[in-house]
Amino acid sequence: MGCGTSAEKTGQAPDNESAADKLLREAAENDRYNIKILLLGAGESGKSTVVKQIKLIGNVQETSDERKKYISALRRNIIEAMQILIQAAETLGIEIENEELRPKAMDILKMENDNSSSVFPNDLA
């Protein structure tokens, strides 16, 4: 009695809808195991340490990008610590006794503490 055609309801969704529903169900299932935590705190308060401890407890392997970041941070910290020690020795009037190490100490002081140099010079190692 209407102007258009009608189809019987079969109880099944069209193929493209069921595929979308299937993807949504799979995504929801995968997200069940993802836990998101917001860590707030002042700098140097241990937020990164908490995340690292959670990863260790959960046996989560770090990615290669995370490993590169750790290596870079370690190198920066080592260079900065050496520079601070050398500057403190100069301020306190403590001379480096080993003649061979004096030029290396000056080279370390000249080093810029950035990520541009990924390799620590062998002659300073």
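As a reminder, the structure under discussion sits directly above these lines.
What follows concerns the overall build of the protein chain. Helices and strands together make up the secondary structure of the protein chain, namely four helices and zero strands. Element order for the protein chain, N to C, with α for helix and β for strand: α-α-α-α. Looking at the protein chain residue by residue over its 125 residues, the buried ones come to 7%. Here the contacts in the protein chain between residues at least 6 apart in sequence split such that 36% fall between residues at least 24 apart. For the protein chain, the computed accessible surface area is about 11,400 Å², with 55% contributed by carbon and sulfur atoms.

This paragraph deals with the pattern of salt bridges. Going through the model one piece at a time under the given rule, you end up with five salt bridges. With its nearest N and O atoms 3.3 Å apart, the salt bridge here joins Glu29 to Arg32. Put simply, Glu66 and Lys55 hold a salt bridge, and the shortest N to O gap is 2.3 Å. Linking Glu66 in helix H3 (residues 64–91) with Lys55 in helix H2 (residues 47–57), this pair joins segments that are eleven residues apart in sequence.

Attention shifts here to the side chain of Gln83. Of note, Gln83 is situated in helix H3. In this structure Gln83 comes out as buried when scored by relative accessible area, which is 11%. Separated by 2.8 Å, the side chain of Gln83 and the backbone oxygen of Met111 make a polar contact. Among all residues touching Gln83, those that are not within four sequence positions of it are Ile108, Leu109 and Met111.

Below, the discussion takes up the environment of Ile84. Here Ile84 shows up in helix H3. Sequence spacing of Ile84 and Leu109 is 25 residues, and the spatial spacing of their C-alpha atoms is 8.7 Å.

Take unusual backbone geometry next. Notably, Glu44 is not glycine yet its phi reads approximately 65°, a positive angle. Structurally, the position occupied by Glu44 is in the loop between helix H1 (15–31) and H2. We classify Glu44 as exposed; its relative accessible area is 85%. The backbone of Asn59 sits at a positive phi, close to 55°, despite the residue not being glycine.

Definitions and limits used
- The written sequence of each chain sets the order in which its residues are numbered from 1.
- For this predicted model, a pLDDT threshold of at least 70 governs which residues receive local features, and a threshold of 80 or more governs which side-chain atom pairs are given and counted, while totals over whole chains, interfaces and linings are taken from all residues.
- To get the side-chain values, all heavy atoms of the structure are used, and hydrogens and water are removed first.
- A run of H or I in DSSP counts as a helix once it spans at least four residues, and a run of E counts as a strand once it spans at least two, with each numbered from the N terminus.
- Accessibility here uses a 1.4 Å probe with only protein chains present; expressed as a share of the type maximum, an area under 20% marks a residue as buried, one over 50% as exposed, and anything in between as partly exposed.
- Whether two residues are in contact is decided by their heavy atoms: any pair within 4.5 Å suffices.
- Every accessible area reported is derived by Shrake-Rupley at a probe size of 1.4 Å, with residue values counting cover from the shown protein chains alone.
- Take a side-chain nitrogen of Lys or Arg and a carboxyl oxygen of Asp or Glu: if they are within 4 Å of each other, that pair is a salt bridge.
- Polar contact is the term for a pair of N or O atoms within 3.5 Å; when the atoms are in protein, one must be able to donate a hydrogen and the other to accept it, and sequence-neighboring residues count only if both atoms are side-chain atoms.

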